[in-house]
Amino acid sequence: MVKRNNNIDKTLKNLSLNKEAPKSAFILLVLLYAIASFLTTRTSVMQGSIAIGGQMISYNSFTGVFSMLGYICIICLVMLFRRVGYIVSMAAIILQSPLMIFNIFVRGNLHSLPGLFSSVLIIGAISIIHFTYRKILKYQQSIREQAVTDRITGLPNRFACNELLTDLQRRGEPFVLVSVDLNDFKSINDTMGHDTGDQVLKEVARRWKDLANSLSTETVDFVARNSGDEFMIVISEYPSVEEIENTINAYREVLEKKITIDDCDYYLTACFGYSFFPEDSDVIENIYLFSDAALHEVKKAGSGSRISRFTPDVLNFERTLEIERKIRTALNSDKIFFNLQPQYDINHNLRGFEALARMKDDDGSFISPVDFIPVAEKTGLVDRIDMRVFELSMEFLDKITRETGTEIMMSVNVSVRHLMKNTFIEDIKNILKAHNIAPERVEIEITESIMIDSAEKALQRINEIKAMGMKVAIDDFGTGYSSLSYLNNFPSDLLKIDKAFIDQMNMSESSKQYVAMIISIGHILHLKVISEGVESPDQVEVLKKIGCDYIQGFVWGKPMPPEEAGRLVSSIKK
Ligand code: C2E
Ligand code: MG
Ligand code: MG
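Here is what the cut-offs are and how they apply
Residues numbered from 1 in each chain as written. Chains lettered and ligands numbered in written order. Predicted model: local features only at pLDDT ≥ 70, side-chain atom pairs only at ≥ 80, totals over all residues. Heavy atoms only, no water. Helix = DSSP H or I, 4+ residues; strand = E, 2+ residues; numbered from the N terminus. Rg over C-alpha atoms; globule rule 2.2 N^0.38 Å. Buried < 20%, exposed > 50% of the residue type's maximum accessible area, 1.4 Å probe, protein only. Areas by Shrake-Rupley, 256 points an atom, 1.4 Å probe, with all protein chains shown as cover. Lys, Arg positive; Asp, Glu negative; His and termini not counted. Charge placed at Lys NZ, Arg CZ, Asp CG, Glu CD. Salt bridge = Lys/Arg side-chain N within 4 Å of Asp/Glu carboxyl O. Donors = N, O, S within 2.8 Å, 3.2 Å for Na, K, Ca; no water. Expected span 1.5 Å × (residues − 1). Contact = heavy atoms within 4.5 Å. 1 Å grid on protein atoms, 1.4 Å probe; cavity = no way out; pocket = protein on both sides within 12 Å on 5 of 7 lines; lining within 4 Å. Points joined across faces, edges and corners; volume = space filled by probe spheres on them. Nonpolar A, V, L, I, M, F, W, Y, C, P; charged D, E, K, R; others polar. Domains from an automatic or database assignment. Buried area = accessible area lost by both parts, 1.4 Å probe. Near = heavy atom within 4 Å. Polar contact = N/O pair within 3.5 Å; in protein donor to acceptor, adjacent residues only side chain to side chain. Sits in = over half its atoms within 2 Å of the grid points.

### Notes on the overall build of the chain
Thinking step 1. Scanning the chain from terminus to terminus reveals 21 helices and 18 strands.
Thinking step 2. Expected size for 574 residues packed as a compact globule is a radius of gyration near 25 Å; at 34 Å, the chain overshoots this value by more than 25%.
Thinking step 3. By its C-alpha atoms, the chain is 115 × 60 × 50 Å across when sized along the principal axes.
Thinking step 4. Out of the 574 residues in the chain, the part that is buried amounts to 45%.
Thinking step 5. Element-wise, carbon and sulfur atoms account for 56% of the exposed surface of the chain, whose accessible area totals about 29400 Å².
Thinking step 6. Counting 63 positive and 74 negative side-chain charges, the chain places the averaged centre of each group 7 Å from the other.

Given below as structure tokens:
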């Protein structure tokens, strides 16, 4: 098999930077121009006239139309074919000039004078168009280049990868998409800082780019960075299916060689999940989904580098469909309900509750939100669940306020998908109004990942929430690719430290310091901090010492039905 000239930068350029008009359009325009010029000359010297709609129109009247048509062709050539179009157009106009000059100055035929003027004017016009347009194009090109390039590594980004896949699909070429995730990269970021983490990513990107460009694998490869420590390799023109694993192994090998940064040595491993287009699916979104599913499956298997091909059972299709059916039934028959988990200040005074969605199976057993929320997110049902829980919890808050007069807080979880819906603010406002709830008593919990995935739009929405007077909490803090600058820019009120950190906290001094550091950062940014999943009095003690503001966890209260939560509030009141 002959290898295509494989260079990542070139492939990228071919894909998105140089989308030119087809050659056939060039030929057509030149031809049209030649015909228009010929007809301009002919009609200018033709005697007589033609009858149109009962009126006699002289042939000379058409001269202007044909010359205009010629100029339009010239302008199109310059705009569509840039340098070549400009040169050809200039040449065509200049070549006609000697005849006009001869007519005017030698034969004394002044009829050619307007033609000569027009030629001079059009030369000026297309020169202005060409040089101005060139500047604009250059600027556009640099913007496009930035749009398809990952800022940190200089590799093509996910958008570029998508372009390539769409191109391969259009050309009917089979390919393999490999999703790659570096193992334990988070620990490099956490222990050595993000600068070192970025340098490691750069080095990995450099090695993989060199490998892809070196043509030393038997396949044509394209490497892109997805986000964080996730990369993608697109393998095309493979001689056999067996060759895929050889190629992936080549990437694994160069990755596993020692990386030295600032005199520190790092040994990286990664997991690779891949799927075939079109064998596994001929829809690109599915190919992403499948290679990711293969990757996640292989990640579960433990440490070290691992490679896995997608198989349909990793998707757990049936289970997903089953849960989706159950969610729909539950929504339609009002069987989505909620529990409330108390949140306390560090001295064990009730702050309020977090509302958590609950759903029962046909046999009466509970299905965990950890199982049904992701399915609801995938199938677009999550906003209905969120709204149902929101409505129920506001109803509760209204009732408990009227009964006890207490002013507790209510935190509700909102998924990104729901938050981004155009009707979100309106829906929330209506419910608050219906139950006469002051917005200051409601807190919207959003996960940290939103700051990275859809920062700008999310920011706008969060500002709207804040403008209404509601509070914003960042849920599961520490599990995503947290960035201080994102955090600083987000107008939130509360940081919720994820249970994973609380679990680890008392196991080592460094884990404790880590939690202490998150609390300090929160306080520096004028945020309150709550620890989630606190299970033991020892943990409460430590959290008290390191300045945590609030506690939520089984130690002081599990999620409970609203009736029990009502009794809890009433008992405190007494
Ligand atoms: P989350 O928002 O981080 O909620 C906290 C989860 O931790 C709850 O799980 C809670 O029961 C559990 N938890 C709290 N304290 C402890 C503890 O001390 N030990 C242990 N082992 N677990 C504790 P749950 O109710 O299963 O909810 C899981 C996740 O589902 C929630 O995590 C949230 O992300 C999502 N979720 C729940 N309700 C909704 C909802 O109405 N809408 C949306 N979009 N997501 C929801
Ligand atoms: Mg939550
Ligand atoms: Mg949480």
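### Topic: the pattern of salt bridges
Thinking step 1. All chains considered together, the criterion is met by 30 salt bridges.
Thinking step 2. Taking the shortest distance from any N to any O, the salt bridge between Lys496 and Glu354 comes out at 2.9 Å. Note that Lys496 is positioned in strand 16 (residues 494-497) and Glu354 in strand 11 (residues 350-360), a separation of 142 residues in sequence.
Thinking step 3. Between Lys512 and Glu509 there is a salt bridge, with its nearest N and O atoms 3.8 Å apart. Taken together, the positions of Lys512 and Glu509, both in helix 19 (residues 509-524) and 3 residues apart, correspond to about one turn of that helix.
Thinking step 4. Through salt bridges with shared partners, one network takes in Asp167, Arg170, Arg171 and Glu173.

### With respect to the coordination of the magnesium ion (ligand 2)
Angles at a metal have ideal values that depend on geometry: 109.5 degrees with four tetrahedral donors, 90 or 180 degrees with six octahedral donors.
Thinking step 1. Coordination sphere of the magnesium ion (ligand 2), protein contribution only: Glu354 (OE), Asn413 (OD1), Glu445 (OE) and Asp475 (OD), at 2.0 to 2.2 Å.
Thinking step 2. Positions of the donor residues of the magnesium ion (ligand 2), expressed as sequence spacing, correspond to E-x58-N-x31-E-x29-D.
Thinking step 3. Here the magnesium ion (ligand 2) and the magnesium ion (ligand 3) are spaced 4.2 Å apart, linked through Asp475, which binds each one. Taken together, the residues Glu445 in strand 14 (residues 442-447) and Asp475 in strand 15 (residues 471-477) connect sequence positions 30 residues apart. With respect to burial, Glu445 and Asp475 carry one shared label: buried.

### Here we look at helix 9 (residues 284-300)
Thinking step 1. With 17 residues, helix 9 should reach 24 Å at 1.5 Å per residue; the first-to-last C-alpha distance of 25 Å fits that figure.
Thinking step 2. All buried positions along helix 9 are accounted for by Ile284, Ile287, Tyr288, Phe290, Ser291, Ala293, Ala294, Leu295 and Val298.
Thinking step 3. Lining the buried residues of helix 9 we find helix 5 (158-170), strand 3 (175-182), strand 5 (230-236), strand 8 (270-277) and strand 9 (306-309).

### Brief notes about the coordination of the magnesium ion (ligand 3)
Thinking step 1. The magnesium ion (ligand 3) binds to the protein through Asp475 (OD), Asp476 (OD), Glu532 (OE) and Glu532 (OE); the donor distances cover 1.9 to 2.5 Å.
Thinking step 2. One chain supplies every donor for the magnesium ion (ligand 3), spaced along it as D-D-x55-E.
Thinking step 3. A relative accessible area of 25% means that Asp476 is categorised as partly exposed.

### Focus: the layout of surface pockets
Thinking step 1. The volume enclosed by the second largest pocket comes to roughly 990 Å³.
Thinking step 2. Lining the second largest pocket are 35 residues; nearest its centre among them are Glu354, Leu356, Asn413, Asp475 and Asp476.
Thinking step 3. Elements that contribute at least two residues to the lining of the second largest pocket include exactly strand 11, helix 11 (369-379), helix 12 (382-404), strand 13 (409-413), strand 14 and strand 15.
Thinking step 4. When the residues that make up the lining of the second largest pocket are grouped by side-chain class, the tally is 16 nonpolar, 8 polar and 11 charged.

### Focus on unusual backbone geometry
Thinking step 1. For the bond running from Phe277 to Pro278, omega is 5°, close enough to zero to count as cis.
Thinking step 2. In this fold, Pro278 is placed in the loop between strand 8 and helix 9.
Thinking step 3. Despite not being glycine, Arg82 shows a phi value in the positive range, around 40°.
Thinking step 4. Counting through the fold element by element, Arg82 comes out in helix 3 (residues 62-106).
Thinking step 5. You will see that His526, though not glycine, has its phi angle at about 60°, which is positive.
Thinking step 6. Considering the arrangement of structural elements, one finds His526 in the loop between helix 19 and strand 17 (528-532).

### Some thoughts on the environment of Leu32
Thinking step 1. Tracing the backbone through its elements, the reader meets Leu32 in helix 2 (residues 23-45).
Thinking step 2. Apart from the residues within four sequence positions on either side, Leu32 is in contact with Leu69 and Cys73.

### Remarks on the domain arrangement of the chain
Thinking step 1. In terms of domain boundaries, the chain breaks down into domain 1 (8-148), domain 2 (158-315) and domain 3 (319-573).
Thinking step 2. With centres defined by C-alpha atoms, the gap from domain 2 to domain 3 works out at 35 Å.
Thinking step 3. Listed by partner, the interface residues are 7 residues for domain 2 and 8 residues for domain 3.
Thinking step 4. Across the domain 2 to domain 3 interface the summed buried area is about 480 Å²; carbon plus sulfur atoms make up 47%.

### Some remarks on the site of ligand 1
Thinking step 1. Close to ligand 1 lie 24 residues, the nearest being Asp386, Asn413, Asp475, Glu535 and Phe554.
Thinking step 2. Residue Glu532 places a side-chain N or O atom 3.0 Å away from an oxygen atom belonging to ligand 1.
Thinking step 3. Between Glu535 and ligand 1, the recorded distance is 2.6 Å, taken from a side-chain N or O atom to a nitrogen atom.
Thinking step 4. Put simply, ligand 1 lies in the second largest pocket.
Thinking step 5. Going through the elements one at a time, strand 11, helix 11, helix 12 and strand 15 are the ones with two or more residues in the shell around ligand 1.
Thinking step 6. Considering each element in turn, the shell around ligand 1 owes the most residues, 4 residues, to strand 11.
Thinking step 7. Tallied by class, residues from the shell around ligand 1 come to 10 nonpolar, 5 polar and 9 charged.

### Observations regarding the side chain of Ser415
Thinking step 1. Tracing the backbone through its elements, the reader meets Ser415 in the loop between strand 13 and helix 13 (416-419).
Thinking step 2. If sequence neighbours within four positions are ignored, Ser415 has contacts with Glu377, Val382 and Asp386.

### As for the side chain of Thr404
Thinking step 1. With respect to the helices, strands and loops of the structure, Thr404 is situated in helix 12.
Thinking step 2. What makes Thr404 buried here is its relative accessible area of 12%.
Thinking step 3. Among the polar contacts made by the side chain of Thr404, one reaches the side chain of Thr406 at a distance of 2.7 Å.

### Section: the environment of Asp263
Thinking step 1. Its location among the elements puts Asp263 in the loop between strand 6 (259-261) and strand 7 (264-266).
Thinking step 2. Asp263 gets classed as exposed once you look at its relative accessible area, which sits at 78%.

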